[in-house]
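# Analysis of the macromolecular model
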Amino acid sequence: MKTVFSPLHAGHADTFELVAGELVPGFEKPSRAEFIRARVESEKLGDILPPQEHDLSAARKVHASDYIDFLSTVWSQWQAAGHTGPAALPYVWPTRGLRADRRPRAIEAQLGYYSFDAGAPFVKGTWEAVKSSCDVALTAAGLVNTGERAAFALCRPPGHHAGSAFMGGYCYINNAAVAAQWFRDHGAARVSVLDIDYHHGNGTQEIFYSRADVQVLNLHADPMAEYPFFLGHADEHGSGAGQGCNHNYPMPAGTAWDEWSLALEDACAKIGACRPDVVVVSLGVDTFEKDPISRFRLKSSDYPLIGKRIRKLGLPVLFVMEGGYAVEEIGINAVGVLTGFEGR
Ligand SMILES: NCCCNCCCCCS
Ligand SMILES: [Zn+2]
């Protein structure tokens, strides 16, 4: 299986995040991608290719154009406002009862206008990393579309928490959603997005919620008790033409393979029934028992079984890297899904 990877991810570094009221070093760090790349090499998964550069037209198909423009100008606006701090972070949001129909000029306000949490910090190299991550996903999608059975988009930063016009949870452009739309624009009549990250892919759900041509299935921690909290319940089936095309499998803290794999089985049955032309897998491995910010209990030996089950779908697959914060084991677990898919 070929991997697409860009070293430009490394510019998105030295971030920090608010955890329990204090600023701590960001969990979504460059070493994540480096450990995965090293494992791709040591496991001899296949060639590692650089991304082809794309313009932002594919991203603008699933994200609001003003949001993409915002992302590309945050750092310059932040500096123009006289801020010299290491990162731009939102601290004010248009929550219920306030007005979001008018977008303030101040960059501090726009950071909140275009985010759902303070979990998407901007540093000098963020935009370049975000753009390259999207190019990685599009390049890998192109490999699948020209005959590869599967390909691995080693994306960083991740994307599944990014909605049509919001960032958050370490995500800025929704790489998996951009790839799904790209497949739709390049011959696929239907696409299924299977998100196996520990956290609900709220951004991906929001983007496709009213659409019948992209089925979205999420296996994740119950939002009544876990981030991102405000989307991801089992009664969210889609709206309008998309009714019946969105499936959520919220699960409790402590979930292990026995229960988790039942949800995977049901999701795979629903994908089979949908008969998509291609499957995009949002590959998060923060379901791992040693993940520092998550509370499922999958073991490293479970990840190849995930790949094996996805292979049984008998469909072309694009794997798009999402979360996973146990850095020492992230490569073993993420590449485990891929070698399992290959039947190794
Ligand atoms: N105390 C938990 C804070 C969660 N912060 C964001 C997590 C984003 C996961 C992306 S896969
Ligand atoms: Zn996650």
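Note: the structure precedes this text.
Residues numbered from 1 in each chain as written. Chains lettered and ligands numbered in written order. Predicted model: local features only at pLDDT ≥ 70, side-chain atom pairs only at ≥ 80, totals over all residues. Heavy atoms only, no water.

### Some thoughts on the overall build of the chain
Condition: A run of H or I in DSSP counts as a helix once it spans at least four residues, and a run of E counts as a strand once it spans at least two, with each numbered from the N terminus. Based on C-alpha atoms, the radius of gyration is set beside the globule rule, defined as 2.2 Å times the residue count to the power 0.38. Burial classes follow relative accessibility: with a 1.4 Å probe on protein chains only, a residue under 20% of its type's maximum area counts as buried, one over 50% as exposed, and anything between as partly exposed. Residue contacts follow a heavy-atom distance rule, with two residues in contact if any of their heavy atoms lie within 4.5 Å.
Looking only at helices and strands, one finds 10 helices and 10 strands in the chain. Relative to a compact globule of 344 residues, whose C-alpha radius of gyration would be 20 Å, the chain shows 18 Å and is just as compact. Each of the three principal axes of the chain carries a C-alpha extent, and together these read 55 × 45 × 40 Å. Here the chain holds 344 residues, and 57% of them are scored as buried. For the chain, contacts bridging at least 24 residues in sequence account for 76% of all contacts bridging at least 6.

### Brief notes about the site of ligand 1
Where we set the bar: Each residue is tested against the molecule or strand, and it is near if at least one of its non-hydrogen atoms lies within 4 Å. Using a 1.4 Å probe, accessible areas were evaluated by the Shrake-Rupley method; residue-level cover was limited to the displayed protein chains. For this classification, the nonpolar set comprises Ala, Val, Leu, Ile, Met, Phe, Trp, Tyr, Cys and Pro, the charged set comprises Asp, Glu, Lys and Arg, and every other residue, Gly included, is treated as polar.
Near ligand 1 you find His160, His161, Gly169, Tyr170, Asp197, His199, Tyr227, Asp286, Gly323 and Tyr325, and these make up its full shell. Starting from 380 Å² of accessible surface for ligand 1 in isolation, the protein chains cover 82%. Of the residues that constitute the shell around ligand 1, the class distribution is three nonpolar, five polar and two charged.

### Considerations on empty space enclosed by the protein
Rules: Throughout, the protein atoms alone are placed on a 1 Å grid, and a set of points is a cavity if a 1.4 Å probe fits but cannot get out or a pocket if it is open with protein on both sides within 12 Å along at least five of seven lines; lining residues have an atom within 4 Å of a point. Grid points are joined across faces, edges and corners, and a volume is the space filled by probe spheres set on the points.
Counting across every chain of the model gives one cavity of 30 Å³ or more. Estimated volume of the largest cavity: approximately 50 Å³. Around the largest cavity, the lining residues are His12, Thr15, Phe16, Glu17, Gly26, Phe27, Glu28, Gly119, Pro121 and Tyr170. Here the residues of the lining of the largest cavity are counted per class, giving four nonpolar, four polar and two charged.

### As for the environment of Asp222
As for its placement among the helices and strands, Asp222 is situated in the loop between β7 (214-221) and β8 (246-251). Once the C-alpha coordinates of Asp222 and Arg105 are considered, the two residues, 117 residues apart in sequence, prove to be 37 Å apart. Discounting residues that sit within four places of it in the chain, Asp222 has contacts with Pro250 and Met251.

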